[in-house]
Each structure stands twice: as C-alpha cells, then as structure tokens.
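# Examining the three-dimensional arrangement
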Amino acid sequence: MRPLPPFEQPLMEALGLVLCEDVVSPVSLPGFDNSAMDGYAVQAADLAGASRENPIALPVVGEIAAGRAEPIVVTPGTTVRIMTGAPMPRGADSVVPVEWTDGGAARVHIAQQPSLGASVRHAGEDLQAGDKVMDRDTVLGPRQIAVLAAVGRARVTVRPRPRVVVVSTGAELREPGTRLGDGQIYDSNSYTLAAAARQAGAVVYRVGIVDDDPKKIMDTLSDQLVRADLVITSGGVSKGVYDVVKEVLTKLGTIDFPEVAMQPGKPQGFGVMGDDEVPIFTLPGNPVSAYVSFEVFVRPALRKLMGAMPYRRQTVQGVVLDGFSSPAGRRQFVRASATSGDQGWMASTVGGHGSHLLGGLSRSNALIVVPEDVTSVRAGDQAELWLLDEETG
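I will try to describe carefully the structure that is included in this document. (Residues numbered from 1 in each chain as written. Predicted model: local features only at pLDDT ≥ 70, side-chain atom pairs only at ≥ 80, totals over all residues. Heavy atoms only, no water.)

### Here's the deal with the overall build of the chain
To keep it simple, the criterion reads: Put simply, DSSP H or I for four residues or longer makes a helix, DSSP E for two residues or longer makes a strand, and each gets a number counted from the N terminus. Radius of gyration: C-alpha atoms only; globule rule: 2.2 Å multiplied by the number of residues to the exponent 0.38.
If you tally the helices and strands in the chain, you get 6 helices and 27 strands. For 393 residues, the compact-globule formula gives about 21 Å, and the C-alpha radius of gyration of the chain, at 31 Å, lies well above that figure. Principal-axis analysis of the C-alpha atoms places the extent of the chain at approximately 95 × 50 × 40 Å.

Here it is, written out as structure tokens:
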C-alpha cells in the first residue's frame, strides 16, 4: 500500500486530510491594531483618577465599526466610540469597555482608568507575515482549518480521500426494505463496511449485492475498478462449494487467500486487480467477521492511502471484568463494553463470541485483544483494548 499522490483541494474539502506542504502565512495576524471590546478608544493618561464616585467626562468625536477605517484622530481629552474588531484610531492607546461607562453618544462618563494598551489587539501579535503556521503531514481538523482560512488560504495541497468500492456477494442476500423469502437474509455487510470506510475518511461507493455467479462477480468488479482506489468484498472466501469469490479471483494469480490465525475472521483474501493494480480485500461473509477484519486489515490500509497516522484505533490497557476462554493458536478479538474511570479502563464482554451475533457488536465500543498463546482470560486480568469509538485522525 502506498499513499495516494497529493493534489490541491478547496479548504473545506481538506477537512480530515493530511497536509502535503508547509504553510507560510502571507499576512500578519492581526493585520492591524484593533479593539478587543465594544467601548471607547482613549488616551489612558486622560483618565487618571477616574472612579465610580468621580467619573471623568470626555467628548465623543466619532465612531468606528468593524470593517471600517475612519480618518479619525483621538487627541488629548477626547474619545472615539469603537466596536470589537474595529481598527484603532490614530492617537488612541487603550480601550475602555462600555461596561465602565454610561454609554454616552456625544459625551461619555468613564468610571475607571484602563491600563496602557488595555483591550487592544496589536498587529502581528499572533502571527507575523512569513511565519510558518503549519507543517506538512498535519491532519487538518477544524482548528487547523481556522488558521488556514485566517491567513487567506482558499486551497491547500493534501492527500485525497481514497475512493472505496464495497460489494456484498451471496444469493441469499436481499436489500433492507424489501420482502424476504425463505432462506433469505438482509444484507448488512455492505452497509457496515461502507459506513466503516466512510468513517475512516474514504469516499465510498456501495455497489450492493451480487449473487453467486462467477461471471457477474467478475464483471461487477472489473466495471468498478475505474473509480476505485481500493475494493472491499464480503462473502465467498471460505471453503464452501459456493464460495465463488475465492474461486474466480484465484484464477487472476494476483490475489492470495490465506487463513489467518485470528477469531473471528480466519478466511481472508488480499491482492490487486487490473492494469492499475487496485488493491482488493475479500472479507468473510459473517457480519462480525467482516467488521473485525475491516478494523484489523482494511482501516490501516485506508489510512496508509491517506498518509494519515495513526493507522489503527487508539489502544489502551484495561481490566477485564468477566472471564472467558480463547482458542489456542489464534488471536481473538472479543466484543466489549469499555469504560474509563478513576481506576483506569475496564471492559465487560457483550453478546456471545459467534461471528453472526450482530446484537452484541452494536452494543460494543471496544475489542478485547487476546494473544495467540492465551487460552483463558479471568476476571481481573489486564488486556489490550481497541477503542472503536475513539477517532484517530
């Protein structure tokens, strides 16, 4: 897997993506001295001794709103009414908040002397023109977007979102919202995997269901390659007579179908398709197996395409609150409900261990990772937890 080549995108489209350039500010922030408060621009020395009992009255010689630069000068013994963000008038060195005054329009009574420079934002105090404001490889969140917009960047060079095609296979599958016949089930896998890929940052094309016909499967995958940076299928990769995904794609010679020492998710497939060598992951058909396989294999691959770090979910150590057995020689990923408190992370298993049990998966927010050489976990044992609801971007 190699990161996708970068290109320039509009600022809002870059949210969550990885910056591929150092950004230098062409402007200073603030760009000019301006008021931090609604109030009155003054010369602080004029207000020596002002108090609530003995306010000092000054004539108001003008008003400045944000976005306007008025040719007004504050001379000794005068003041200008000013709004937050408005440029400071020449001659003024401080701002009196309106709360310290009677709010007068022609003449104002001021009950407190400000310190010199009070409530004034000085030009360049945040950033100077020419300062580097962001390093390449920064993941752009709302706070980073704010700075880029503030220095006038409408477009930035980033790695794009991977385009992911998701396909479910199986003659027994039907779309949600349709009527089920005997022996049929609703397709949850394509929705699960499409949602997971989108959450990981991809642009997703959910193709839907393809039945167990070798030609239809091959035609569908071939047609989708033109718009895919990565393809995900589910189902048809085990050892059954109708596991045609494995049968069809093995003939290409570019896709391997190993058995992985993990539970759930033993049957897997990975390789490339087409002239552009588009990566393809063929995941198991059992819904929990498909989801866990996505977290273990596909999510890191998508993050690699984006150039984003870290590739995996946040990992913590926690205490397991109930015991269970684990198969020898396989790494087990157990659905769990995890909480964090004064004593650290704790996790309880939810649902059974069957790879078809979606109810428990929906109530989980973590996976307990049990190493291959551990066959029994007791209540109170420490274990590695993958936090499924923690964002890694």
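### Some thoughts on helix H2 (residues 189-199)
The cut-off we apply is this: Accessible area is worked out with a 1.4 Å probe on protein chains only. A residue is then buried under 20% of its type maximum, exposed over 50%, and partly exposed in between. Directions from the helix axis toward the C-beta atoms define the arc. The contact rule is simple, with two residues in contact once any of their heavy atoms fall within 4.5 Å.
Of all the residues in H2, the buried ones are Asn189, Ser190, Leu193, Ala194, Ala196 and Ala197. Take H2 and look down its axis: the buried residues cluster within an arc of 165 degrees, on one side only. Close packing links the buried residues of H2 with strand E12 (163-169), strand E15 (203-210), strand E16 (230-234), strand E20 (278-283) and helix H5 (287-306). Trailing H2 by a residue or two, glycine 201 shows a phi angle of about 115 degrees, which is positive.

### Some words on the sheet that holds strand E4 (residues 39-42)
Rules: Between any two strands, pairing holds if DSSP finds at least two bridges. Fitting a line to C-alpha atoms yields each axis, with helices limited to the stretch in contact; the angle taken between N-to-C directions then spans 0 to 180 degrees.
A sheet is described by the order of its strands in space; here 5 strands give the open sequence E7-E4-E6-E5-E8, paired in mixed fashion. Of all strands in the sheet, those with a lone pairing partner are strand E7 (94-97) and strand E8 (107-110), marking the two edges. Pairs of neighbouring strands in the sheet enclose a mean axial angle of 45 degrees, with direction left out of account.

### Description of the packing of H2 against H5
We apply this condition: For classification, angles of less than 35 degrees are called roughly parallel, those exceeding 145 degrees roughly antiparallel, those between 65 and 115 degrees roughly perpendicular, and all remaining angles oblique. In this scheme, a crossing is called left-handed if the near helix is turned counterclockwise away from the far one by less than a right angle; it is called right-handed if the turn is clockwise. Gly is put with the polar residues, along with every residue not named as nonpolar or charged; the nonpolar set is Ala, Val, Leu, Ile, Met, Phe, Trp, Tyr, Cys and Pro, and the charged set is Asp, Glu, Lys and Arg.
Interhelical geometry of H2 versus H5 gives an angle of 25 degrees and a closest axis separation of 10 Å. Relative to H5, the element H2 lies roughly parallel. Where H2 crosses over H5, the two elements pack in a sense that is right-handed. In this structure, H2 contributes Asn189, Thr192, Leu193, Ala196, Ala197 and Gln199 to the contact, and H5 contributes Pro287, Ala290, Tyr291, Phe294, Arg299 and Leu302. Grouping the amino acids of the contact of H2 with H5 by side-chain chemistry returns 8 nonpolar, 3 polar and 1 charged.

### Considering H5
Heads up, the condition is: One fitted axis covers the seven residues ending at a residue, a second covers the seven starting there, and the bend at that residue is the angle between these axes.
At phenylalanine 294, H5 shows its maximal kink, close to 45 degrees. Burial of H5 is extensive: 18 of the 20 residues sit out of reach of the surface. Of the residues trailing H5, glycine 307 is marked for its positive phi of about 70 degrees.

### Quick word on the sheet that holds E15
One open sheet accounts for 6 strands, arranged E15-E12-E16-E20-E19-E17; its pairing is mixed. Both outer strands of the open sheet, E15 and strand E17 (255-256), are each paired with one neighbouring strand and no more. Against the sheet, helix H3 (residues 214-224) makes contact with E12, E15, E16, strand E19 (269-273) and E20, and its axis sits at roughly 165 degrees relative to E15, the strand it touches most.

### What to know about the pattern of salt bridges
Definition in use: Only one rule defines a salt bridge in this text: a Lys or Arg side-chain nitrogen within 4 Å of an Asp or Glu carboxyl oxygen.
With the rule as written, the count across this model stands at 12 salt bridges. Between arginine 155 and glutamate 8 there is a salt bridge, with its nearest N and O atoms 3.3 Å apart. Remark: glutamate 8 occurs in strand E1 (residues 7-10) and arginine 155 occurs in strand E11 (residues 155-158); sequence separation between them is 147 residues. Overall, glutamate 8 belongs to the partly exposed group, its relative accessible area being 42%. With a shortest N-O distance of 3.1 Å, arginine 163 and aspartate 229 are connected by a salt bridge. Placement of the pair is arginine 163 in strand E12 and aspartate 229 in the loop between H3 and E16, with a sequence separation of 66 residues. Looking at arginine 163, the relative accessible area reads 30%, which means it is partly exposed. Through salt bridges that share partners, Glu175, Asp187 and Arg206 make up one connected network.

### Considering the nonpolar core
Put simply, the rule reads: By nonpolar core we mean a set of buried residues, namely Ala, Val, Leu, Ile, Met, Phe, Trp, Tyr and Cys, connected to one another through side-chain atoms within 4.5 Å.
Ranked by size, the top nonpolar core spans 20 residues in total, and within it Val164, Leu230, Ile232, Phe294, Val298 and Leu302 carry the most contacts. For this core, the secondary structure elements donating two or more residues are E12, H2, E16, E20 and H5. A total of 6 residues in this core trace back to one element, the largest contributor, which is H5.

### What about the packing of aromatic side chains?
Condition: The aromatic pairing rule takes the rings of Phe, Tyr and Trp, using the six-membered ring of Trp, and pairs them if the centres are within 6.5 Å, calling planes under 30 degrees apart stacked, those over 60 edge-to-face and the rest tilted. In our convention, an over-ring charge means Lys NZ or Arg CZ found within 6 Å of a ring centre and within 35 degrees of that ring's normal.
Throughout the structure, instances matching the rule amount to 2 aromatic pairs. Look at phenylalanine 270 and phenylalanine 281: their rings are 4.7 Å apart centre to centre, the planes differ by 45 degrees, and that puts the pair in the tilted class. In this pair, phenylalanine 270 is assigned in strand E19 and phenylalanine 281 in strand E20, connecting sequence segments 11 residues apart. Directly above the aromatic system of tyrosine 191 lies the positively charged group of arginine 206, at a separation of 3.9 Å from the ring centroid.

### Thoughts on the environment of alanine 171
Within the secondary structure, alanine 171 is located in the loop between E12 and strand E13 (173-174). The partly exposed category is assigned to alanine 171, whose relative accessible area is 43%. For the pair alanine 171 and aspartate 213, spaced 42 residues apart in sequence, the C-alpha to C-alpha distance is 8.6 Å. Sequence-distant contacts of alanine 171, defined by excluding residues within four places in its chain, comprise Asp211 and Asp212.

### Notes on the side chain of serine 35
Relative to the assigned elements, serine 35 resides in strand E3 (residues 34-35). With relative accessibility at 0%, the residue serine 35 sits in the buried group. Sequence-distant contacts of serine 35, defined by excluding residues within four places in its chain, comprise Ile82, Met83, Thr84, Gly85, Ala86, Met88, Val95, Ser119 and Arg121.

### Concerning unusual backbone geometry
Put simply, leucine 29 and proline 30 share a cis peptide bond, and its omega is -15 degrees. The topology assignment puts proline 30 in the loop between strand E2 (23-24) and E3. Look at the link from glutamine 263 to proline 264: it is a cis peptide, with omega at -5 degrees. A positive phi angle, near 75 degrees, is found at aspartate 137, a position not held by glycine. Relative to the helices and strands, aspartate 137 is located in the loop between strand E10 (132-134) and helix H1 (142-150). Of note, glutamate 277 is a non-glycine position whose phi angle comes to about 50 degrees, a positive value. Along the polypeptide, glutamate 277 turns up in the loop between E19 and E20.

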